[in-house]
Each structure stands twice: as structure tokens, then as C-alpha cells.
Number of protein chains: 2
Amino acid sequence: MLLPHFRAFNMSVHVGSLFANSGLSTSDPETESVDQIALFATLLCACIVIGHLLEKAQWINQSITALLIGLCTGGIILLTSGGRSSRILEFQEEFFFIYLLPPIIFNAGFQVKKKQFFRNFMTITLFGAIGTLVSFAIISYGATLLFPKLEIGYLEIKDYLALGAIFSATDSVCALQVLNQEETPLLYSLVFGEGVVNDATSVVLFNAITSFDLNNMNTTTALKFASNFLTLFVLSTLLGVFVGLLCAFIIRTLYFGRHSTDREVALMILMAYLSYITAEVFKLSGILTVFFCGIVMSHYAWHNVTLNSQVTTKHTFATMSYIAEVFIFLYVGMDSLDVEKWILIDSPKKSIMASAILVGLIMVGRAAFVFPLSLFSNFIQKNENEHINIKQQVTVWWAGLMRGAVSVALAYKKFAGSGQTIQPANALLITSTITIVLFSTVVFGLLTKPIIRWLLPDETDPSTPNSSSMPLLQNGHDHDHDHDHDLEVENGNNGTSSTRPSLKMLLDSPSNTVHHYWRKFDDSCMRPVFGGRGFVSHATGTRDMGEIH
Amino acid sequence: MLLPHFRAFNMSVHVGSLFANSGLSTSDPETESVDQIALFATLLCACIVIGHLLEKAQWINQSITALLIGLCTGGIILLTSGGRSSRILEFQEEFFFIYLLPPIIFNAGFQVKKKQFFRNFMTITLFGAIGTLVSFAIISYGATLLFPKLEIGYLEIKDYLALGAIFSATDSVCALQVLNQEETPLLYSLVFGEGVVNDATSVVLFNAITSFDLNNMNTTTALKFASNFLTLFVLSTLLGVFVGLLCAFIIRTLYFGRHSTDREVALMILMAYLSYITAEVFKLSGILTVFFCGIVMSHYAWHNVTLNSQVTTKHTFATMSYIAEVFIFLYVGMDSLDVEKWILIDSPKKSIMASAILVGLIMVGRAAFVFPLSLFSNFIQKNENEHINIKQQVTVWWAGLMRGAVSVALAYKKFAGSGQTIQPANALLITSTITIVLFSTVVFGLLTKPIIRWLLPDETDPSTPNSSSMPLLQNGHDHDHDHDHDLEVENGNNGTSSTRPSLKMLLDSPSNTVHHYWRKFDDSCMRPVFGGRGFVSHATGTRDMGEIH
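The rules behind the values
- Residues numbered from 1 in each chain as written.
- Chains lettered and ligands numbered in written order.
- Predicted model: local features only at pLDDT ≥ 70, side-chain atom pairs only at ≥ 80, totals over all residues.
- Heavy atoms only, no water.
- 1 Å grid on protein atoms, 1.4 Å probe; cavity = no way out; pocket = protein on both sides within 12 Å on 5 of 7 lines; lining within 4 Å.
- Points joined across faces, edges and corners; volume = space filled by probe spheres on them.
- Helix = DSSP H or I, 4+ residues; strand = E, 2+ residues; numbered from the N terminus.
- Nonpolar A, V, L, I, M, F, W, Y, C, P; charged D, E, K, R; others polar.
- Axes fitted to C-alpha atoms, helices over the stretch in contact; angles between N-to-C directions.
- Parallel < 35°, antiparallel > 145°, perpendicular 65-115°, else oblique.
- Left-handed = near helix turned anticlockwise from the far one by under 90°.
- Contact = heavy atoms within 4.5 Å.
- Phe/Tyr/Trp six-rings, centres within 6.5 Å; stacked < 30°, edge-to-face > 60°.
- Buried < 20%, exposed > 50% of the residue type's maximum accessible area, 1.4 Å probe, protein only.
- Salt bridge = Lys/Arg side-chain N within 4 Å of Asp/Glu carboxyl O.
- Core = buried A, V, L, I, M, F, W, Y, C linked by side-chain atoms within 4.5 Å.
- Expected span 1.5 Å × (residues − 1).
- Disulfide = S-S within 2.5 Å.
- Patch = residues over 30% accessible without salt bridge, like charges linked within 9 Å, V, L, I, M, F, W, Y side chains within 5 Å.
- Areas by Shrake-Rupley, 256 points an atom, 1.4 Å probe, with all protein chains shown as cover.
- pLDDT = per-residue confidence, 0-100.

Caption draft 1: The layout of surface pockets, seen in detail. Residue and element names in this part refer to chain A. Taken as a whole, the largest pocket encloses approximately 1000 Å³ of empty space. If you list the elements that add at least two residues to the lining of the largest pocket, you get α5 (114–119), α6 (121–146), α9 (185–211), α10 (219–254), α12 (286–304), α15 (348–380) and α21 (510–530). Classifying every residue of the lining of the largest pocket gives 27 nonpolar, nine polar and five charged.

And the structure:
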């Protein structure tokens, strides 16, 4: 193919080369790839250090730092290599989906404030599922209308639909780094939850589009499509819950902690990954699965392990997710200067034009569902505190404008991976994707903090260190508060549980009542079996802890 | 080549396939490889759980459990696949050297009792370097004499030398799982330290043999070889120390912990790996580098991070190393039934014969240096407590008889990887290698506990949970004791440091005096710059800790 190196990033080459460099054999390309790994590791370290130094700047965050460092490195490589290439590693969308995405999503589920998440579960699902479909439709349709004017070459209907799916995949990492889970729990859980469901939806949508025969689309296929969609959602969720409970059960029954902290940690990590890969084996959405696996693990398994394991797992998951994120943004930054793609398209201007159109469509497509759905959810949500006011709606709208690694990965898959040769039109779509990701992450990302501070001045306090660029640690900390929080709620409910909740109460705050019954069920049936807060003594943990004091 | 799949384990295939299974594209081989990953992950979990359940059996340990599970799985696959293959993944020696070995060695350095290690540094180096060379010579020479009798086909001198290098690489993991660092510190540090230096030596030796032109070996080349050897040792060590100090300095200066635990952890992990890969880039011994990097990190950097990070890093490194070990033994077990190699050799009997000869040579070769070198070290070591009595010598001899993943990896590299086609003779050497690894790990491994208990009844107490199969957690625990230990020694020395150490004192216990001066230097120059115990306040750490209480 024209871009043979698209597939070139392949472990055995790297690894082989690395070993080769320990002297067993030597050849130039191999030597290169060791240097590549080393250089990449160095850059990751640099991102961490520089990201830490730039922390003081309220408006910058880790993702942007990584992107910019990637850009600079790409530029340097471009110059040194005499304009041949701007990249250290080739992007392998599969690599991203197998190794980088799972830790991020799992950690998300592991650290999310469960109560808030489930309280707004319906709204989140609305935004994530329906919303994604809406913006998908709008972007696809808009592209179909506007792209022909650009004369970028022929694109078939499938390509337009793929574009819709690609650009309905939001990347709310930036926004989450700004939103504070403590101060704006509702917003945080909305943006965050939507992001996860959205990831799943758009990937599923994309797969469906590329696999289904859309040229003769009729009601039956449409229904089949919809039903597939739903089954996939349900099954993926159930699988995740199952694996999480299994892990909790094993750890609780075998009581590893008594002997080995490391074994507990290893088991949790392996089973988390197992849930993802199993989902993939059964062609389910690994993202949804691993997300719910994370939620269940943090609710049950996490309480069954020693205190040491709790600290370790909490920070290990956060760290893995952190590294994965930095890795992705660093790569995207480096990749954006890749010349091979730019020279393939007849004029960069067209690419910019296309990007501009798409950005516009993204903003419209998002507006088209955020505001209506918010009104709808306000309408059915009786509880005033759970209402989403206009400023919050704008924030939610803004927070989902960023496009990230998922889009890039999907774009590569569709426009670079599939064919043996890459059409100029496809190359243009790839460059546009990268431009959009770059633009939205940097520009929108930089604007996010000021805008949110302007929209929600009373709610967010920029001076708190928490609101600086450490979503992971922040989540990590909140994790504990979260549990305390749960506990309070628990007591609260126990207080009210003497008076049976009336139908009125159910109508007033359905989610609360559901939550109330869930608690009762959880305490009476689940926790006794699977452990969880208050059902496991931390004796061992505390002993272990003694050692590091 | 005859065994094309030897190179077949390549990330992009797996990853691609995994992604494929999320629906983007589908083809059978790909579907297989997802199932492979999933199955492998499941097996790893199984190893952990079963290993935990078998813990009560005093004579079994994690490695053997993994090996046996691997064997069983291999057998099942062999039956189900109708004798086609017995393996889930193909062994990629590079994969082992890049991803599995570094965490093991780094964790080894990170958790080792530094004081004991440096106290016996000279003895350890003797055993590791000279000893390996001796056993290398004996095995090579013995093979040259005995193998022709087997009529296994033509082997050139290089092959015999390679054999020597391959089988002088000990695998003391099993022994370390039995030896207790607390009860027999001298033995533990000897066996362990030798293991590390030995790994480095044999790999370096192997590389030298395969790269040097040995047919016209003369004094100049021999000298060149020796000097290369030394430079490599020194440079690798220095690089490791440098990276470790750099990491400590960065963390101490930037004081990440104030903001982000995860950033500290990420930085430590990345820099540890960076040290290994940099060593490989400069064609040094990554093993030595990462080992010393681990020592330095645990001595300085580890004290500069928050309490949370300390717990996390300690257990994360241990866990990664633990998973890597299980992975390796699991694989070797599965691989040992691989038919392709067995059918290539004209008679399995010959392979068994060859294995028997090699095992004999291994035992002789090891005896040939353990006992003389022990006597020598006793002779120059004035301090009676540091003397190695005969029983301990036997233990050391026995502890180094196991052969493990390094041997397998080197064997594949030499006899399967290098050529396009695989000679029957080479196939035989591979099968023999696997047989030896299997035999030594299982049989010698099972005998190790009884033998050591019989040899050192007073020193080891089998009833302590520590002496069961958890070298990592055990190390993890000892790690802290180790530091306390260091502290005591520190005070001890401060006590004696009022009286200047006389020449007699130096002659009596040179290592002690060196250690004493090192402490003075460490406290006055190093720690003020790089941090370390007592030079960093744990205020932040303790605050963080508050949260998980």
C-alpha cells in the first residue's frame, strides 16, 4: 500500500530490534525502533515533569501539554529527518483499542462517584445513546450536503455515515480535568457518564456501519440494527457486572490478603482486563463491560482486599490510565505533522475547509441534543436540585465538543486501515480528523477553564489544587470521600426506611426511591456474599499498614 | 522457515484481531488470536488462584504450579487440536527480554536487602561472574566431548559454546521462594545476587559468542573480549545508578507528591523502564542497569515520595514481577508439549539423552566453582559470621541448579530464531532445553524445600507463612524491615564513628569499614541532594494516608 508503515508498528519488530540491540544481531531499521521506544519513554517522562511544572497555569492541562510536546517533537523530527517523517511510532488503532483504552475506561468506572452516576443514570443514558445518534445523524447529513462542494473526490454513503460515527465520539478528558467532582457533582457525572456511554455508542455505531450492508436499508434491517444495539448494551453491562462480582467473590472467599497483597492486586488487574477481552471475544462492547466491571469492583472487591492493596490498586489504576492518556495525546500531537498524509491531499486548504465544516457540524449536532434532552430530563425529573439549568446545559454542550483519540483511531481504521491503497479523499479525511482533534483539544481545551469559571463562578473555585490538571489523583481522592458519602446516605436511608416510601415519594424522586431499594437489596443480599464496605474486617490491612508507618 | 509461526507472535496481529472482533473486520486467524489472549489471561488468573490454594503444601511453589497448569493446558490443547499444536501464544524471546524480564530484575533490585547485598558484594561478583565462566567452560567442553557420541547431527564449535552460555544461566526464582531473607540473609543475598550477576554474565557471554568470530581466536581477541566484558559491566552499572539518582533528584526537587501521587508512581515506573531500554540502545546489559536502578531508587527516590506512593510502588513493582514470572512459567509449561519441535527430531530418546548429559554437566559445572570459590571467599573474609559453611555451600550449589526462562529464550534465539530453516540437531537442542527447564524446575524445585530444611533446620522455619511461595510479598515486607535495619546500622555506626576505625578494624572486616565510610559519605553528600530516609518529611504522605483510614 502507499503507506506501508501504517501497519508497521508491530511489537515483534520493536521487541526483536530491542533484543537485536543487545547484540544478537544488528540491522539499521531495528536499531531505529529501539531508539524509538527509548525516545518515546523519555518523552513520556518529559510530559509528566513539564505537565507538573505547567500546573500553576490555571488554563493549561495535561492533555494540552502532551499534545504540544508531541507537536514540538514532531516538528524537530520533521526537520532532522529532512521532511521524511514526523513520528517515532506509527499509530496502530488496534494498539490503542487493546492497551490504551481499557485502563482509561476501567479507571473511570473504578473512580466514578457511583451514587451521582446512578442518580442521573437515565439522563446520562439519554445523552450518551440518543444524543450520540442525533449528532451522528446531523454530522453525516451535513457532510453529505456540504462536502461535495469541496470537490475532494468521491465519497460513498458509507464514508459519510462513518464520518458521523467518528465525530460523534466525544473526548471529555479535557473537560473532566477542569470540572471538579466535588464542587459540581451533577455536571461531572453528566459529562463523564455521557462520555463513557458515548464512547461505547459511537464505536458500536461505527462497527455496525462498516459491517452492515447499508445500500439496501429497509425497516427490517433497521429494526435488526436497533435490536442488536440494545442487546449489545445489556449483555456488555451484564458481563462487566458478572466479572466484577466474580472477582469480589474470589477475593472475599480465598482471603488472599492474609498472605499476599501482590496476588490480590494481580488478580484485580488481570480480571479487569479479562472482562474487556472477553467482551471483545463475544463481539460485545469491551468499553461498556470494563466500565461496569470497574464500578462493581470498586463497590465490592475493593473493600475485600487489604488496606495496602486498596492504596495500591487505587493508584495503580489511576497511574495506568494517566500514562495511557498522556501516551495518546503525545502521539496525536506527533502524528499531526506526519507529511505522508499531507502530501497525499492535493491542497491542505481543502483539508482545513473540511475540518472547519466538520467542527461546525459537531457544534450544531451537539447543541441539537443537549438542550432538548436537558429540557426533557428536567421535565421528568421532579427533584429541583437535579434540574439542569441553562448555564449547566451550555457547560455540558461545551464539555463534549472536544474530539480525541477514539476519533483518530476510528478514522485510521476506516480511511487508512481498510484499503490497500489510500485515496486522496481518505487522506484528506484523516488529516481533517487530526486537525479537528488538535484544534478542539488545544483551542476548546484552553477555553474550557475560563468558560466554566465564567458560567459557574459560584460552583468552581480555581484556587483549589484539585481543579488543576490531575483528574486521576483527584478522582482517586474523591473515591474515598465517595465511600464516606455513600455511608452517610446509607444511614440517611436507614433513618427514613422505618416509614415505607409512599407512591408520592416515588413520583417525587424516582431515582432516590430506586436508590433506596437498591441499598436495602445491596445490604441484605449482595454485600453479605460479595463483601463491600462494612462487611469485611480490615484487620489484615491495618497490620500491613503498620509496616509502612 | 520450517517453523514460520516462531515469529508469528506479533502484537499487531493480536491487537488487530482483537479490534477485528469488535466488528470492524473479521477473519478466522484473527478471531483465534483474541481467544488466545483471553484464554491466556484466564490461565494467569487460574495460576494465581490455584497457586494460592496450593500454598498450604510446603513443597510446592508458584513456579511449579504455573508450569504444571501450563503442561495440562498444553495437553488439552494438543488433544483438542488433534495434535496440531499445544500452544496459545508463540514464544517470542524478544517479548520475554523486553517486557517480562525487566520488571522481574528491577523488582529484585528494588526489594533486595541492600546492606546484605553490598556486604557480600565481592563474593557475589565472584560467584556470578567467575562462576558463570567456569560452568560455561565445563558445560561447553563436556558437550563437545559427549554429544558426538549421540549422533544427533553436526554441531559447530559455536553451537557448543552457545550451549555453555545457555545452560550457565541459572534461575534461582524457585530457590528464592524457599529461602527466607529474614532467617538466612547471607544465603539469600548470595543466591539472589549470584542469580542477577549470572543472568547478566550469561546473556553478555551469549551475545559475545554469537557475534565474535571464534574460529580464529587468539590472545588479542580474547583480551578484547575480556575488556568489552568489563567495560560493559561498569558502564551498565553506572547508567543504572545515574538514572536512579536522576529520578530521585527530580522527584525530590519537584515534590510531585504535594499534588499527584499517580504522577510520582508513573515517573518511577517510566524511568525504571527507561534505564533498561537506554542500556539496550547503547548495547549495554539492560539487566544489570535496571537492577542497580532499582537499588538506587529504593534507597533514594522511594523515600522522596508520599506514603501512598511508597505503598503503591512497592506493591506495583512486586505485582508486575509476579505476573511476569507466572507468565513465563505458564508459557514454558505450555510450550514443552509443542509437537512441531518433537516431530523434527528423529528420536525423542536422543533428546532425553542429551538432556541427561546436560543436567549432569550443569551439576558438575556448578560444583566446580561453588565450593572452590566459597573456600576462597572464606579465606579472604576475616569475619567469621560471613563465612560460608559446607551446608550453606551445598545449599548455594543446589539453589543454582534450576534452569528457567532465560535459557529457553536464549535457546530459541540461537537454534530457532537465527536460521531460516531449523536443523534436526537444533530442534533437538530446543527440546532438550525445554526438557531440562521442566525437569530442573519441577524435580529440583520440589526437592529444594525438603533439602534446605534438612540442610539448615535451625535457620529456616517452614511453619512461617513467609517461607511459602510468595517471594515478592515477602520481599515487599522485608523491604521495610530492611530500611529499619539500615537505620539501626546507621545508628550503630554513629555510635562507633567517634573512634576512628583503625587499620586492624579494616583488616578484620573490610566490608564493614567500607560500609561505614559509605554511610558517612551517603549521609553527608548523597542524601542531602537526592533525599532518602530521614531527609524527607512525610507530611504529605501522612495526610494522604489519612484518607484511606
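There is more to say, and it comes next.
Caption draft 2: Quick peek at the packing of helix α11 (residues 261–281) of chain B against helix α12 (residues 286–304) of chain B. All names here are of chain B. Running from N to C, α11 and α12 point in directions that differ by 155 degrees, and their axes come no closer than 8 Å. Our classification of the angle between α11 and α12 gives roughly antiparallel. The handedness of the crossing between α11 and α12 comes out as right-handed. Within the contact between the two elements, α11 uses Glu264, Met268, Met271, Ala272, Ser275, Tyr276, Ala279 and Glu280 and α12 uses Gly286, Ile287, Thr289, Val290, Cys293, Met297, Ala301, Trp302 and Asn304.

Caption draft 3: Layout of the packing of aromatic side chains. Residues and elements named next belong to chain B. Taken as a whole and judged by the stated rule, the model has 28 aromatic pairs over all chains. Residues Phe192 and Phe291 carry aromatic rings whose centres are separated by 6.1 Å and whose planes lie at 45 degrees to one another, so their mutual orientation is tilted. In this pair, Phe192 is assigned in helix α9 (residues 185–211) and Phe291 in helix α12, connecting sequence segments 99 residues apart. Relative accessible area serves as the criterion here: at 1%, Phe291 is assigned to the buried category. For the ring pair Phe249 and Phe530, a centre distance of 6.2 Å and an interplane angle of 70 degrees mean the geometry is edge-to-face. Here Phe249, found in helix α10 (residues 219–254), pairs with Phe530, found in helix α21 (residues 510–530); they are 281 residues apart in sequence, far enough to count as distant.

Caption draft 4: Just the side chain of A:Asn198, in detail. All names here are of chain A. By secondary structure assignment, the location of Asn198 is in helix α9. The exposure class assigned to Asn198 is buried, which follows from its relative accessible area of 1%. Once residues lying within four places of it in the same chain are set aside, the contact partners of Asn198 are Gly128, Thr132, Ser168, Ala169 and Thr170.

Caption draft 5: Molecular detail of the pattern of salt bridges. The final tally for this structure, using the stated rule, is six salt bridges over all chains. B:Arg527 is paired through a salt bridge with B:Asp522; the nearest N and O atoms lie 3.0 Å apart. This pair shows no difference in class: B:Arg527 is buried, exactly as B:Asp522 is. Notably, a salt bridge pairs B:Arg527 with B:Asp523, separated by 3.6 Å at the nearest N-O pair. Taken together, the residues span about one helical turn, with B:Arg527 and B:Asp523 both in helix α21 at a distance of four residues. Several salt bridges share partner residues, and in doing so they unite A:Asp522, A:Asp523 and A:Arg527 into one network.

Caption draft 6: Inspection of unusual backbone geometry at higher detail. Residues other than glycine seldom take positive phi values, yet A:Lys283 does so here, at roughly 60 degrees. Here A:Lys283 is to be found in the loop between α11 (261–281) and α12.

Caption draft 7: Local environment of the nonpolar core. Within the largest apolar cluster, 302 residues are counted, with the highest numbers of intra-cluster contacts made by A:Phe147, A:Met297, B:Phe147, B:Met268 and B:Met297. Of all the elements, α9(A) adds the most residues to this core, at 15 residues. Apart from residues lying up to four places away in sequence, B:Met297 is in contact with B:Phe106, B:Phe110, B:Gly244, B:Cys247, B:Met268, B:Met271, B:Ala272 and B:Trp302.

Caption draft 8: A look at the environment of A:Ser202. All names here are of chain A. Here Ser202 lies in helix α9. C-alpha separation for the pair Ser202 and Gly128, spaced 74 residues apart in sequence, amounts to 9.3 Å. Ser202 has contacts with Thr132, Ala165, Ser168 and Ala169, leaving out every residue within four places of it along the chain.

Caption draft 9: Examining α12(A) more closely. The end-to-end C-alpha distance of α12(A), which contains 19 residues, comes to 25 Å, matching closely the 27 Å that a straight helix rising 1.5 Å per residue would cover. With 19 of 19 residues buried, α12(A) lies mostly within the body of the structure.

Caption draft 10: Representation of the state of the cysteines. Overall, the coordinates contain zero disulfides over all chains when judged by the stated rule. We note that A:Cys293 lacks a disulfide partner, and the nearest cysteine sulfur, in A:Cys247, lies 7.1 Å from it.

Caption draft 11: Summary view of helix α7 (residues 157–167) of chain A. Most of α7(A) sits inside the fold, with nine of its eleven residues counted as buried. Within α7(A), burial applies to A:Asp159, A:Tyr160, A:Leu161, A:Ala162, A:Leu163, A:Gly164, A:Ala165, A:Ile166 and A:Phe167.

Caption draft 12: Structural view of a nonpolar patch on the surface. Residue and element names in this part refer to chain A. Taken together, the side chains of Tyr141, Leu145 and Leu146 present a nonpolar region at the surface, about 300 Å² in accessible area. Locating Tyr141 in the fold gives a position in helix α6. The exposure class assigned to Tyr141 is exposed, which follows from its relative accessible area of 56%.

Caption draft 13: Summary view of the confidence of the model for chain A. Residue and element names in this part refer to chain A. For chain A, per-residue confidence averages 74 on the pLDDT scale, and 73% of positions sit at 70 or higher. Per-element averaging of pLDDT across chain A places helix α1 (residues 11–24) at the bottom with 32 and α11 at the top with 91. Contacts of residues 1–30 to residues separated by more than four positions or lying in other chains number 88 contacts, the stretch itself having pLDDT below 50. Within the model, the stretch residues 460–501 combines pLDDT values under 50 with 100 contacts to residues more than four positions away or in other chains. In the predicted complex, the global pTM is 0.79; the interface-specific ipTM is 0.78.

Caption draft 14: Summary view of the environment of B:Gly294. Residue and element names in this part refer to chain B. Its place among the elements puts Gly294 in helix α12. Between the alpha carbons of Gly294 and Met526 there is a distance of 17 Å; along the sequence they are 232 residues apart. With sequence-adjacent residues up to four places away left out, Gly294 is seen in contact with Phe106, Gly109 and Phe110.

Caption draft 15: Main features of the packing of α10(A) against α11(A). All names here are of chain A. Contact geometry for α10 and α11: axes closest at 10 Å, N-to-C directions at 160 degrees. Compared by their axis directions, α10 and α11 come out roughly antiparallel. In this structure, α10 meets α11 at a crossing whose hand is right-handed. The residues of α11 that touch α10, namely those facing Leu239, Val243, Leu246, Cys247, Ile250 and Ile251, are Glu264, Leu267, Met268, Met271, Ser275, Thr278 and Ala279. Taken together, the residues of the contact of α10 with α11 sort by class into ten nonpolar, two polar and one charged.

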